[in-house]
Amino acid sequence: MNPVHSSITAIEVRRLPIGLGVFLLLCSDLAQALEPTAWVGTYRFLVTELFLPLLPSLGWTLLAIGLTSLFWWQRQRRLKRRLHSLQGLDELTGLPNRNALTGFFNHELKRAQRFGRPLSVILLDLDDFDKVSREHGQMMGNRVLIELGALLRDGLRDVDKVFRWEAERFLVVCTEAGIEEADLVGERILLMIRNHDFPVGWPLRVSTGVASVTAYDSLDTLIERADQSLAEARLGSVSSLG
């Protein structure tokens, strides 16, 4: 064997584990920006488009090491998601999730109904989410959700609390606020979104629905009325931004 060729090959082999480690770190950073469903497609892409073409140079042993590392790393992600859920946190946005909402709202509902205090909710829907994901990809869609979640968390009153309700929907619980005050909070939210520079190239369309607690409400009935209000907003009422 040519000594020069042998030396180059040895150097390349020594560098392969380093390159593989860097590659896996990049995968880790990428996955943290993705929803669990989006990571499945990304994992398939990494295997078919990146790992398999590298077979001639990596060899089956290093490939097996890489795939095994990804497998265990993905398992760790599933455990982390489960832990986040048990802790009441949404993995993507870091906001409290529906599990956290149930306990918090039931406490506030009992207090409001027992002492006759006002309590309202604002259901917010990002109408442009499908368009963002379709034109810019899932990672951009997730980035918008993260920015929107942070905007809501930092821009609300101290007595209000925001939750990620589902997908592109958020729920704001307004304590000590009747329907008129909650409407004002909703308008302030829409103004914040209008003035925020989201990285999509156009103003985002958002709809909000507001409902206030009655003596016989539960979380389900209140959300149902907020959803009806949101549907009306989409038809062009003042609680719609677009």
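All of these numbers come straight from a predicted model, not from anything done at the bench. (Residues numbered from 1 in each chain as written. Predicted model: local features only at pLDDT ≥ 70, side-chain atom pairs only at ≥ 80, totals over all residues. Heavy atoms only, no water.)

K.L.:
I would appreciate a short explanation of helix H5 (residues 129-136) in the present structure.
P.N.:
Every α-helix carries 3.6 residues per turn, so stepping three or four residues along brings you back to the same face. Taken together, the buried positions of H5 are occupied by Phe129, Val132 and Ser133. All buried residues of H5 project into a common sector of 95° when viewed along the axis, lining one side. For H5, exposure combined with an orientation more than 90 degrees from the buried face picks out Asp130 and Arg134. (Buried < 20%, exposed > 50% of the residue type's maximum accessible area, 1.4 Å probe, protein only. Helix = DSSP H or I, 4+ residues; strand = E, 2+ residues; numbered from the N terminus. Arc of directions from axis to C-beta.)

K.L.:
I would appreciate a short explanation of the pattern of salt bridges in the present structure.
P.N.:
Where charged atoms of side chains with opposite charge meet at close range, the side chains can pair. One pass over the structure, following the stated rule, counts 14 salt bridges. One salt bridge in this structure joins arginine 169 and aspartate 125, with 2.8 Å as the shortest N-O distance. Here aspartate 125 lies in strand S1 (residues 119-126) and arginine 169 lies in strand S3 (residues 169-175), a separation of 44 residues in the sequence. Residue classification places aspartate 125 among the buried positions, given a relative accessible area of 5%. The network of salt bridges with shared partners includes Asp125, Asp127, Arg169, Asp227 and Arg234. (Salt bridge = Lys/Arg side-chain N within 4 Å of Asp/Glu carboxyl O.)

K.L.:
Explain the pairing of strand S4 (residues 206-212) here, please?
P.N.:
With respect to burial, S4 is a largely interior element, seven of its seven residues being buried. Every second residue of S4 is oriented toward a common face, with Val206, Thr208, Val210 and Ser212 on one face and Ser207, Gly209 and Ala211 on the other, all of them buried.

K.L.:
Would you mind going over the packing of aromatic side chains with me for this structure?
P.N.:
We describe a pair of aromatic rings using the distance from one ring centre to the other and the angle between the two ring planes. The full count for this structure, using the stated rule, is one aromatic pair. Plain terms: the ring middles of phenylalanine 104 and phenylalanine 163 are 5.7 Å apart, the flat faces sit at 45° to each other, and that makes the pair tilted. With a gap of 59 residues between them, phenylalanine 104 in helix H4 (residues 98-115) and phenylalanine 163 in strand S2 (residues 160-166) connect regions that are remote in the sequence. It is arginine 98 that lies over the ring of tryptophan 165; its NZ or CZ is 3.7 Å from the centre. Over the aromatic face of phenylalanine 104 sits the side chain of lysine 161, whose NZ or CZ is 5.8 Å from the ring centroid. (Phe/Tyr/Trp six-rings, centres within 6.5 Å; stacked < 30°, edge-to-face > 60°. Lys NZ or Arg CZ within 6 Å of the ring centre and 35° of its normal.)

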